[in-house]
Amino acid sequence: MQNPMEMMKILGMWNTFKSNHPKFPKFMAAASQPGVMAEDTIIEVKITTADGRSLETNLKIKASDIELFQQLKELSRPGN
């Protein structure tokens, strides 16, 4: 387990992130609903840099990915 002061720092940073980007946590909540991240679902990611360059990729979700997501979700629950 991490140092409680570090956890408080990370929590503060997360709250700032949510304030700066209110749509992202809502998107993640919707994406984590049952059936959304099913096997063979494709996730696409695109980054556009400040100077206009673009980086894109995609991945097809596998059963092992879903298991990883579930484990990460469990770790992020309060009390863990």
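Each value, and the rule that gives it
- Residues numbered from 1 in each chain as written.
- Predicted model: local features only at pLDDT ≥ 70, side-chain atom pairs only at ≥ 80, totals over all residues.
- Heavy atoms only, no water.
- Helix = DSSP H or I, 4+ residues; strand = E, 2+ residues; numbered from the N terminus.
- Buried < 20%, exposed > 50% of the residue type's maximum accessible area, 1.4 Å probe, protein only.
- Areas by Shrake-Rupley, 256 points an atom, 1.4 Å probe, with all protein chains shown as cover.
- Expected span 1.5 Å × (residues − 1).
- Polar contact = N/O pair within 3.5 Å; in protein donor to acceptor, adjacent residues only side chain to side chain.

What about the overall build of the protein chain?
Piece 1. Across its full length, the protein chain holds three helices and two strands.
Piece 2. Counting from the amino terminus, helix and strand elements in the protein chain follow one another as α-α-β-β-α.
Piece 3. C-alpha atoms of the protein chain, sized along the principal axes, occupy 35 × 35 × 20 Å.
Piece 4. Relative to its 80 residues, the protein chain shows a buried fraction of 2%.
Piece 5. Of the accessible surface of the protein chain, which amounts to about 7,200 Å², a share of 61% is contributed by carbon and sulfur atoms.

Topic: unusual backbone geometry
Piece 1. Of note, the phi angle at D40 is positive, near 80°, even though the residue is not glycine.
Piece 2. Structurally, D40 can be placed in the loop between helix 2 (23–31) and strand 1 (42–48).

Considerations on helix 1 (residues 4–20)
Piece 1. Taking 1.5 Å as the rise per residue, helix 1 with 17 residues should run 24 Å; its terminal C-alpha atoms sit 24 Å apart, in good agreement.
Piece 2. The opening residue of helix 1 is N3, an N-cap whose side-chain oxygen sits 2.7 Å from the backbone nitrogen of M5.

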